[in-house]
Amino acid sequence: MSLEIKRLHLASLRGVDGREWPVHGFVVTHPGGAALVDTGVGGPAQLLSDWRVVNRTVADALADLDMTPGDIGLVINTHLHFDHCGQNAVFPHAACYVQRAELQRAERESPELYAWFDFMNARFELLDGDAEVLPGLAVITTPGHTAGHQSVVVQSSDAAPDVLIGDAAYTPRQYLRPASDHLPPGQASDPAAWRDSLRRIRSAGPARVHFCHHTDVIHA
Ligand SMILES: [Zn+2]
């Protein structure tokens, strides 16, 4: 089985440390097509202005890979923050895999984003825990950043897997030193659950860890 990970640059924004951060999504190609992990930035204009977003359309980012939105067969949202699910509506043909707990959290906490993820005809595949989405492509629950956060595990061969960590860690620094560091604002809504989730990811023994807001890839 051959799965391949291709990183998209979807936007830049002013991160919680005041520096410019990238916003990455990931295409995972598989023998039957392609999946997209996180869809980039969308939301009310005020929100984009507050975060000083320099946005790209996900269609433009896919064009860099000679792909179109129609090539994406399914979407996985690590969580439903505006910079991870903002362009879900570009993929009305694709089922959207998200934790049920995360959809409930977002409906409760972010009603202003509702139209961006729960657009008319949105097709959710609501998950209650770890799940295999396709052979070699799975999600594991990693709550703590948000209550229903999940990370994506890509097993492309018998070797150790790749992890698309989502916002379970913003940067390699938070991933590598979760206990000793002062946490950046927004990193953990529940610090205890957040640390447990990083332990979980480590116990999966990933060969590589890919971040949404940092371009470095950790190699084990
Ligand atoms: Zn987030």
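The preceding data block contains the structure.
Just so we're clear, the structure is a prediction, and the values are computed from it rather than from any experiment.

**Student:** Just to check I follow, could you spell out the overall build of the protein for this structure?
**Tutor:** Assigned secondary structure in the protein consists of seven helices and 13 strands. Relative to a compact globule of 220 residues, whose C-alpha radius of gyration would be 17 Å, the protein shows 16 Å and is just as compact. Referenced to the eigenvectors of the C-alpha coordinate spread, the extents of the protein come out at roughly 45 × 40 × 30 Å. Buried residues in the protein amount to 52% of all 220 residues. Restricting to contacts in the protein with at least 6 residues of sequence separation, those with at least 24 account for 62%. Surface accessibility of the protein: about 9700 Å² in total, with carbon and sulfur atoms responsible for 51%. Separation of charge centres in the protein, based on 17 positive and 26 negative side chains, amounts to 7 Å.

**Student:** Teacher, can you tell me more about the sheet that holds strand S4 (residues 54-55) here?
**Tutor:** Each strand in a sheet pairs with its neighbour through backbone hydrogen bonds, running either in the same direction (parallel) or in the opposite one (antiparallel). Strand order in the open sheet formed by seven strands is S4-S1-S2-S3-S5-S6-S7, with mixed pairing between adjacent strands. The open sheet terminates on both sides in strands that have one partner only, identified here as S4 and strand S7 (124-127). Where strand S5 (residues 72-76) lies against strand S6 (residues 95-99), three bridges are found, and the strand directions are parallel. Within S6, the residue paired with Val 75 across the bridge is Cys 96. Lying on the sheet, helix H4 (residues 100-109) is in contact with S6 and S7; it crosses S6 at an angle near 85°.

**Student:** Any chance you could explain the sheet that holds strand S9 (residues 137-141) here in plain terms?
**Tutor:** Overall, mixed pairing links the six strands, which are arranged S8-S9-S10-S11-S12-S13 in an open sheet. Edge positions in the sheet fall to strand S8 (131-134) and strand S13 (218-219), since each of these pairs with one other strand and no more. Bridge count between strand S11 (residues 162-164) and strand S12 (residues 208-210): three bridges; the pairing is parallel. Bridging across to S12, Val 163 finds its partner in Val 209.

**Student:** What should I look at first to understand the nonpolar core in this one?
**Tutor:** The nonpolar side chains of a soluble globular protein tend to be buried with one another. One finds Val 27, Leu 36, Leu 62, Ile 72 and Phe 91 to be the most contacted residues of the largest nonpolar core, which totals 30 residues. If near-sequence neighbours (up to four positions away) are discounted, Ile 72 is found in contact with Val 27, Ala 34, Ala 35, Leu 36, Leu 62, Met 67, Phe 91, His 93 and Ala 94.

**Student:** Explain the coordination of the zinc ion here, please?
**Tutor:** Angles between donor atoms at a metal ideally measure 109.5 degrees for a four-coordinate tetrahedral arrangement and either 90 or 180 degrees for a six-coordinate octahedral one. For the zinc ion, every protein donor is listed as His 79 (NE2), His 81 (ND1), His 145 (NE2) and Asp 167 (OD), and the spread of their distances is 2.2 to 2.3 Å. Considering all four donor atoms around the zinc ion, angles at the metal cover 92 to 171° and the coordination shape is irregular. Written as a sequence motif, the donor arrangement for the zinc ion is H-x1-H-x63-H-x21-D. Of the two residues, His 145 sits in the loop between S9 and strand S10 (150-154) while Asp 167 sits in the loop between S11 and helix H6 (172-176), which places them 22 residues apart along the sequence. Look at His 145 and you get buried, because its relative accessible area is 3%.

**Student:** Teacher, can you tell me more about helix H7 (residues 191-203) here?
**Tutor:** The periodicity of an α-helix, 3.6 residues per turn, causes residues three or four positions apart to be oriented the same way. Helix length check: H7, at 13 residues, gives a terminal C-alpha distance of 18 Å against a target of 18 Å (1.5 Å per residue), a fit within 8%. Among the residues making up H7, those that are buried are Ala 193, Trp 194, Ser 197, Leu 198 and Ile 201. Buried positions in H7, seen along its axis, are confined to an arc of 140° and lie on one side of it. Away from its buried face by more than 90 degrees, H7 exposes Ala 192, Arg 199 and Ser 203. Looking at the buried residues of H7, the elements they touch are S9, S10, S11 and H6. Following H7 by one or two positions, Gly 205 has its phi on the positive side, about 60°.

Cut-offs applied
- Residues numbered from 1 in each chain as written.
- Predicted model: local features only at pLDDT ≥ 70, side-chain atom pairs only at ≥ 80, totals over all residues.
- Heavy atoms only, no water.
- Helix = DSSP H or I, 4+ residues; strand = E, 2+ residues; numbered from the N terminus.
- Rg over C-alpha atoms; globule rule 2.2 N^0.38 Å.
- Buried < 20%, exposed > 50% of the residue type's maximum accessible area, 1.4 Å probe, protein only.
- Contact = heavy atoms within 4.5 Å.
- Areas by Shrake-Rupley, 256 points an atom, 1.4 Å probe, with all protein chains shown as cover.
- Lys, Arg positive; Asp, Glu negative; His and termini not counted.
- Charge placed at Lys NZ, Arg CZ, Asp CG, Glu CD.
- Pairing = 2+ DSSP bridges.
- Axes fitted to C-alpha atoms, helices over the stretch in contact; angles between N-to-C directions.
- Core = buried A, V, L, I, M, F, W, Y, C linked by side-chain atoms within 4.5 Å.
- Donors = N, O, S within 2.8 Å, 3.2 Å for Na, K, Ca; no water.
- Tetrahedral: all angles 85-135°; square planar, octahedral: opposite > 155°, others 65-115°.
- Expected span 1.5 Å × (residues − 1).
- Arc of directions from axis to C-beta.

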